[in-house]
Amino acid sequence: MKSTKKDIRALTKEQLRKFFVESGDKAFRGNQVYEWLWNKGAHSFENMTNISKTTRKLLEDNFVINHIRVDQMQRSTDGTIKNAVRLHDGFIVESVLIPTPTRTTACVSSQVGCSLDCRFCATARLKRMRNLNPDEIYDQVVAIDNESRLYHNRPLSNIVFMGMGEPLMNYNNVLKAIDKITSSEGLGMSPKRITVSTSGVPKMIKKMADDEVKFKLAVSLHSAIDEVRTKIMPFNDKFPLSDLREALEYWYEKTKSRITYEYVIWEGINDKKEDIDALVKFCSYVPCKVNLIEYNPIDDGEFQQASNQVVENYISALESRGFVVNVRRSRGKDIDAACGQLANKA
Ligand code: SAH
């Protein structure tokens, strides 16, 4: 039976304090419970050992803790870990732990499925079922932080919103989750270590700039030519590159934070000189760097990674104009944990 009780973690600390005052208890009780929920990650009211039995019963009668559960954890030969995360209503999303010699990065999901229709991405085949709540995003990060401590003997160092979903189509909840992740009442992580990746929703990029967010922005560009981009990312028709450019200029003006462009090079799609020239030009608009991502095949071979020669041509064209380029090798391919492969296949 579906519970009608409210998810206690949807309450702010103030609301929780108010609840206790209205129940004839002290406001301070709200602080204690809040700490259990967020700092100590309590999964049940029973675990709240310094709270009296009567109070725990009161909480039990009024609220639920909609905690995520890691249903299945897969470990890649390269150390990457993929969690299949079960939500309270049975939906599953995936998150990934990516270790390097010096860092552990969490790649988290923001939606069940995705609102967008990128043709090369496995998640796009699952239609968007719902947005994740702030605590569901936060819990994914905590789960990966714990795994990082357990398997790599160090805390999580970075977070990327590059899992399932389009974060800017669930902006409010993503922002609330990041507030919690960066707050001393949550994980106390620096926002500089968090990157939100978007396929480029101009209006929302401007909103983020207005909100003076302190995290970093990555844009999945993949082509700087409208006709090409619309073919592989059909929503580009609604949000053309000129609008994206304008939003990114606005972002940089307000935040002074350099943008990362994610870019996959495919054979026969964006492997020509004019594609390279267009990217070089686009890079001149706003301070940026380019991450060339290796393509992870998702099915029928419609898309294929371009040859190393083409990748080299991109690199030398960009570098000769002074732009920073990184080539990102895929991680966790053997467990379908690499970019664009998250599709609940487990
Ligand atoms: N919706 C957001 C975040 C999720 S995708 C966005 O579009 O940015 C994370 C990154 O993986 C994006 O850059 C996306 O374009 C890329 N990606 C998607 N499918 C891929 C695939 N099959 N191989 C490599 N990268 C892929």
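Analysis parameters
Residues numbered from 1 in each chain as written. Predicted model: local features only at pLDDT ≥ 70, side-chain atom pairs only at ≥ 80, totals over all residues. Heavy atoms only, no water. Pairing = 2+ DSSP bridges. Helix = DSSP H or I, 4+ residues; strand = E, 2+ residues; numbered from the N terminus. Axes fitted to C-alpha atoms, helices over the stretch in contact; angles between N-to-C directions. Contact = heavy atoms within 4.5 Å. Phe/Tyr/Trp six-rings, centres within 6.5 Å; stacked < 30°, edge-to-face > 60°. Buried < 20%, exposed > 50% of the residue type's maximum accessible area, 1.4 Å probe, protein only. Lys NZ or Arg CZ within 6 Å of the ring centre and 35° of its normal.

Q: A description of the sheet that holds strand 6 (residues 104-107) should follow, citing residues and the corresponding values.
A: The strands that make up a sheet are held in pairs by hydrogen bonds between backbone atoms, and each pair lies either parallel or antiparallel. Read from one edge to the other, the open sheet built from ten strands follows the order 3-4-5-6-9-10-11-12-13-14, with strand pairing classed as mixed. Two strands in the sheet have a free side with no partner beyond their single neighbour: strand 3 (69-75) and strand 14 (324-328). Geometrically, the sheet is characterised by an average inter-axis angle of 20 degrees between neighbouring strands, direction not taken into account. In this sheet, strand 9 (residues 158-161) lies alongside strand 6 in parallel orientation, the contact comprising three bridges. In the sheet register, A106 faces strand 9, and the bridge partner there is I159. Strand contacts of helix 8 (residues 241-255): strand 11 (216-220) and strand 12 (259-263), with the helix running at about 165 degrees to strand 11, the strand carrying the most contacts.

Q: Please set out the packing of aromatic side chains residue by residue, giving values where relevant.
A: As enumerated under the stated definition, the model contains 13 aromatic pairs in all. On the numbers, 5.3 Å between centres and 75 degrees between planes, the contact of F19 with F20 is edge-to-face. What makes F19 buried here is its relative accessible area of 15%. Measuring from centroid to centroid gives 4.8 Å for F120 and W266, while their planes differ by 40 degrees, and the two rings are tilted. With F120 in the loop between strand 7 (111-112) and strand 8 (130-131) and W266 in the loop between strand 12 and helix 9 (273-283), this residue pair connects regions lying 146 residues apart in the sequence. Following the ring pairs from residue to residue traces out a cluster consisting of F120, W266, Y295 and F303. Across the ring face of W38, the terminal group of K180 is positioned such that the distance to the ring centre comes to 4.5 Å.

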